[in-house]
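So the chains spell out like this:
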Amino acid sequence: MAVNAIDQTRRMLSLVTYLRDRPGARVEEVARAFGITTDELISDLNVLPMCGTSFRGGDLLEIDTDGERIWWRNADALGSDTAQPLRLAADEATALLVAARAVATLPGLRESDRDALQRATAKLESAAGESAGASSRVSVTFESESGVFADVDRAIAERRRLWLRYYSPARDELTEREVDPIRLFAVGHTYVEAWCRLSEARRTFRLDRVAEIRLLDERADPPPVEPRDLSAGLVQPSEQDPEVVIEVGPGGRWVAEYYPYDSAEELPDGGLSITLRTPDPASLRRLALRLGRDGRIVAPRELAQSARDAARSALAAYGE
């Protein structure tokens, strides 16, 4: 799944402010500050020059990088002292009104934010005139993950504890737990980092695996922890983790794109022999089932046998 659009938009808006205050910022430091990889940061930087107050010359952001540092060439020209009054075309006003009304319906949105958004929407409707009529005939419904995102965002802002029903793919079960949220971040998917009161440890929860969520009255009080450095990705295996060898055919080469690995050797049939490390080898059984004919676990032997047993059980259940 792609990065949550709301989260990515929020990150890019924050990135503009961050770069304005830090001319010549180092790429690695900016990526670390936003909890993303340098490749993701460069991708964002490639989009920003297409943004601005209008599409006229001089109104777009002139942001570029030499791979080590980031420079904003016309930050002063687009400052509040020199910026021209914003004028929206009819299609821009329609899109903005539709988005504003959709965001205002999100569950978990703070009432003060909802009121402010509704006041801004009313002003925009008045300024848009006839263009506002078209927007009233269009509606947008966010996917359920956005509702979870709003609840988590609110809990962080109000320092409140959360109750979750959460699906754990490694154990293939739903668990109930209370957590003290620390921060939201996106690495491929959107996650909340929190202090889990069930395990009494820091845990990371993927929002699209939250089956149910409730804000509690208890105050969130996570112990002070150093934010994880996510510049190398969410999964960062260590040399002490068990080694697993997976062989995939041509149809399974995507595994090397999604999983960090130690080595990937070409096979005669166009596939790969991938060696990787993971703190929880059993979690790769689901990967083996997903691969089907396109891949198999080779080592360790016990895990390979466990994956075969799981495949036989799945086939048996399918045949009943």
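Residues numbered from 1 in each chain as written. Predicted model: local features only at pLDDT ≥ 70, side-chain atom pairs only at ≥ 80, totals over all residues. Heavy atoms only, no water.

Novice: Quick question: what am I supposed to make of the overall build of the protein chain here?
Specialist: Check the secondary structure of the protein chain and you find ten helices and twelve strands. Here the protein chain, with 320 residues, has 36% of them falling under the buried criterion. Long-range contacts, defined here as pairs at least 24 residues apart, represent 57% of the contacts in the protein chain between residues at least 6 apart. Here the protein chain has roughly 19100 Å² of accessible surface; of this, 50% comes from carbon and sulfur atoms. (Helix = DSSP H or I, 4+ residues; strand = E, 2+ residues; numbered from the N terminus. Buried < 20%, exposed > 50% of the residue type's maximum accessible area, 1.4 Å probe, protein only. Contact = heavy atoms within 4.5 Å. Areas by Shrake-Rupley, 256 points an atom, 1.4 Å probe, with all protein chains shown as cover.)

Novice: Where do I start with the packing of aromatic side chains in this structure?
Specialist: Remark: the centre distance and the inter-plane angle together describe each pair of aromatic rings, the angle taken between the planes. In this structure the tally under the stated criterion is three aromatic pairs. Centre to centre, the rings of Tyr166 and Phe205 are 5.0 Å apart; their planes meet at 85°, and the pair counts as edge-to-face. With Tyr166 in strand S4 (residues 160-168) and Phe205 in strand S7 (residues 201-206), this pair connects stretches of sequence that are 39 residues apart. Judged by relative accessible area, Tyr166 falls into the buried class, the value being 8%. Residues Phe185 and Tyr191 carry aromatic rings whose centres are separated by 5.4 Å and whose planes lie at 15° to one another, so their mutual orientation is stacked. Looking at Phe185, the relative accessible area reads 6%, which means it is buried. (Phe/Tyr/Trp six-rings, centres within 6.5 Å; stacked < 30°, edge-to-face > 60°.)

Novice: I would appreciate a short explanation of the sheet that holds strand S12 (residues 295-299) in the present structure.
Specialist: Within a sheet, adjacent strands bond to each other through the backbone by hydrogen bonds, running parallel or antiparallel. Reading across from one edge, S10-S11-S9-S12 is the order of the four strands in this open sheet, with antiparallel pairing throughout. Whereas interior strands pair on both sides, the edge strands pair on one side only; in this sheet they are strand S10 (263-266) and S12. Going across the sheet, the axis of each strand differs from the next one's by a mean of 20°, ignoring polarity. As judged from the four bridges shared by S10 and strand S11 (residues 272-277), these two strands associate in the antiparallel manner. From the neighbouring strand, Glu266 faces S11, where its bridge partner is Leu272. (Pairing = 2+ DSSP bridges. Axes fitted to C-alpha atoms, helices over the stretch in contact; angles between N-to-C directions.)

Novice: Whenever I open this one, the pattern of salt bridges confuses me. Can you help?
Specialist: Once the charged atoms of two side chains with opposite charge are near each other, the side chains can pair. All told, the structure shown has 18 salt bridges when counted by the stated rule. Salt-bridge contacts for Glu176 lead to Arg165; the nearest nitrogen and oxygen are separated by 3.9 Å. Taken together, the residues Glu176 in strand S5 (residues 173-187) and Arg165 in strand S4 connect sequence positions eleven residues apart. The partly exposed category is assigned to Arg165, whose relative accessible area is 26%. (Salt bridge = Lys/Arg side-chain N within 4 Å of Asp/Glu carboxyl O.)

Novice: Just checking my understanding: could you explain the sheet that holds S7 for this structure?
Specialist: With antiparallel pairing, five strands are arranged side by side in an open sheet as S7-S6-S5-S4-S8. At either end of the open sheet lies a strand with only one pairing partner, and these are S7 and strand S8 (210-219). Sheet twist, expressed as the mean angle between neighbouring strand axes with direction ignored, is 45°. One ladder, built from eight bridges, connects S5 with strand S6 (residues 189-196); its direction is antiparallel. Within the sheet, the bridge partner assigned to Arg183 lies in S6 and is Glu193.

Novice: Which parts of the structure should I look at to understand the nonpolar core?
Specialist: One recurring pattern in soluble globular proteins: nonpolar side chains tend to sit buried together. If you look at the biggest cluster of nonpolar residues, it comprises 17 residues, and the most contacted ones within it are Leu15, Leu19, Val30, Leu41, Leu45, Ile63 and Ile70. Contributing elements (two or more residues each) for this core: helix H1 (5-20), helix H2 (27-34), helix H3 (38-47) and strand S3 (69-72). Not counting residues up to four positions away in its chain, the partners in contact with Ile70 are Leu19, Pro23, Gly24, Ala25, Val27, Val30, Leu41, Leu45, Ile63, Asp64 and Thr65. (Core = buried A, V, L, I, M, F, W, Y, C linked by side-chain atoms within 4.5 Å.)

Novice: Would you take a moment to explain H3 for this structure?
Specialist: Each turn of an α-helix holds 3.6 residues, which means side chains three or four residues apart point in the same direction. Along H3, the positions that sit buried rather than exposed are Leu41, Asp44 and Leu45. Viewed end-on, H3 has its buried residues packed into an arc of 100°, placing them on one side of the element. Opposite the buried face of H3, by more than 90 degrees, sit the exposed residues Asp39 and Asn46. (Arc of directions from axis to C-beta.)

Novice: Explain the environment of Gln305 here, please?
Specialist: Within the element layout of this structure, Gln305 appears in helix H10 (residues 301-319). As for Gln305 and Arg285, which are separated by 20 residues in sequence, their C-alpha atoms are 9.9 Å apart. At a separation of 2.9 Å, a polar atom in the side chain of Gln305 contacts the side chain of Arg308. (Polar contact = N/O pair within 3.5 Å; in protein donor to acceptor, adjacent residues only side chain to side chain.)

Novice: Even after reading the chapter, I still don't get helix H4 (residues 90-104), so can you show me in this structure?
Specialist: The terminal C-alpha atoms of H4, which comprises 15 residues, lie 21 Å apart, in line with the 21 Å expected from a rise of 1.5 Å per residue. For H4, the complete set of buried residues consists of Ala93, Thr94, Leu97, Val98, Ala100, Ala102 and Ala104. (Expected span 1.5 Å × (residues − 1).)

Novice: Just checking my understanding: could you explain the packing of H4 against helix H5 (residues 111-128) for this structure?
Specialist: In helix packing, the relevant descriptors are the interaxial angle and the interaxial distance, both defined with respect to the helix axes. Closest axis-to-axis distance for the H4/H5 pair is 10 Å, and the angle between their directions is 155°. Here H5 runs roughly antiparallel to H4, going by the angle between their axes. As H4 runs across H5, the sense of the crossing is left-handed. Residues Ala93, Leu96, Leu97, Ala100, Arg101, Val103 and Ala104 of H4 touch H5, and the partners they reach there are Arg114, Leu117, Thr121, Leu124, Glu125 and Ala128. Tallied by class, the residues present in the contact of H4 with H5 amount to nine nonpolar, one polar and three charged. (Parallel < 35°, antiparallel > 145°, perpendicular 65-115°, else oblique. Left-handed = near helix turned anticlockwise from the far one by under 90°. Nonpolar A, V, L, I, M, F, W, Y, C, P; charged D, E, K, R; others polar.)

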